[in-house]
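# Notes for the structure review
Here is how the chains run, residue by residue.
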Amino acid sequence: MDLQEKFIELREENANLKERLKENQDVKEIEKRIDRNNGDAVDYTDENGNQLVICTNCWDNNRKIIQVQHSGGRQYFCGVCKQYKYKVNK
């Protein structure tokens, strides 16, 4: 009985670890499409090739791709974290 319970626990742990590994691989793929610079609003190319400007705070803290709204000049506004962001062009 103890061996069977241990086997079930190990199988569940293995499934959880596989899911975490997949999530980490997805994050690495997304990171490749983020064009970082010195600003906190950066260019991001989605899986369809569309260019967006996203909030780095939302990505870095919550792993969420949040498109920011252009407010004029180099200034953008994030509707999620409610902060103004600045984009530095290369």
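Up top is the structure these notes are about.
Notes on the structure follow.

Conventions adopted
- Residues numbered from 1 in each chain as written.
- Predicted model: local features only at pLDDT ≥ 70, side-chain atom pairs only at ≥ 80, totals over all residues.
- Heavy atoms only, no water.
- Helix = DSSP H or I, 4+ residues; strand = E, 2+ residues; numbered from the N terminus.
- Rg over C-alpha atoms; globule rule 2.2 N^0.38 Å.
- Buried < 20%, exposed > 50% of the residue type's maximum accessible area, 1.4 Å probe, protein only.
- Contact = heavy atoms within 4.5 Å.
- Areas by Shrake-Rupley, 256 points an atom, 1.4 Å probe, with all protein chains shown as cover.
- Lys, Arg positive; Asp, Glu negative; His and termini not counted.
- Charge placed at Lys NZ, Arg CZ, Asp CG, Glu CD.
- Pairing = 2+ DSSP bridges.
- Axes fitted to C-alpha atoms, helices over the stretch in contact; angles between N-to-C directions.
- Disulfide = S-S within 2.5 Å.
- Core = buried A, V, L, I, M, F, W, Y, C linked by side-chain atoms within 4.5 Å.

## Looking at the overall build of the protein chain
Helices and strands together make up the secondary structure of the protein chain, namely two helices and six strands. The helix and strand sequence of the protein chain, counted from the amino end, reads α-β-β-β-α-β-β-β. Radius of gyration (C-alpha) of the protein chain: 19 Å, far over the 12 Å computed for a compact globule of 90 residues. For the protein chain, the spread of C-alpha atoms along the principal axes amounts to about 70 × 25 × 20 Å. Per-residue burial for the protein chain yields a buried fraction of 23% across its 90 residues. Sequence-distant contacts, at least 24 apart, represent 27% of the contacts inside the protein chain between residues at least 6 apart. Here the protein chain displays about 6900 Å² of accessible surface, and carbon together with sulfur accounts for 46% of that area. Taking the average location of the 16 positive side-chain charges in the protein chain and that of its 16 negative ones, the two points are 7 Å from each other.

## Some points on the sheet that holds strand E1 (residues 34–35)
Strand order in the open sheet made by the three strands is E1-E2-E3, with antiparallel pairing throughout. At either margin of the open sheet sits one strand with a lone partner, and together these are E1 and strand E3 (51–55). In this sheet, E3 lies alongside strand E2 (residues 41–45) in antiparallel orientation, the contact comprising five bridges. Its bridge partner being in E3, Thr45 is matched across the sheet by Gln51.

## Regarding the sheet that holds strand E4 (residues 69–72)
Read across the open sheet, the three strands follow the order E4-E5-E6; overall the sheet is antiparallel. The sheet terminates laterally at E4 and strand E6 (83–86), the two strands that pair on one side only. Taken pair by pair, the neighbouring strands of this sheet meet at an average axis angle of 40°, ignoring direction.

## Comments concerning the state of the cysteines
Under the defined criterion, the tally for this structure stands at zero disulfides. With no disulfide of its own, Cys58 has Cys78 as its nearest cysteine by sulfur position, at a separation of 3.7 Å. Given the relative accessible area of 4%, Cys58 is considered buried.

## Comments concerning the nonpolar core
The biggest cluster of nonpolar side chains holds eight residues, and these are Ala41, Val53, Cys55, Cys58, Ile66, Val68, Tyr76 and Cys78. Elements supplying a minimum of two residues to this core: E3 and strand E5 (75–78). With near-sequence residues (within four places) excluded, Tyr76 lies in contact with Ala41, Val53, Val68, Gln69, His70, Ser71, Gln83, Tyr84, Lys85 and Lys87.

Purely spatial values, then, with no claim about function.
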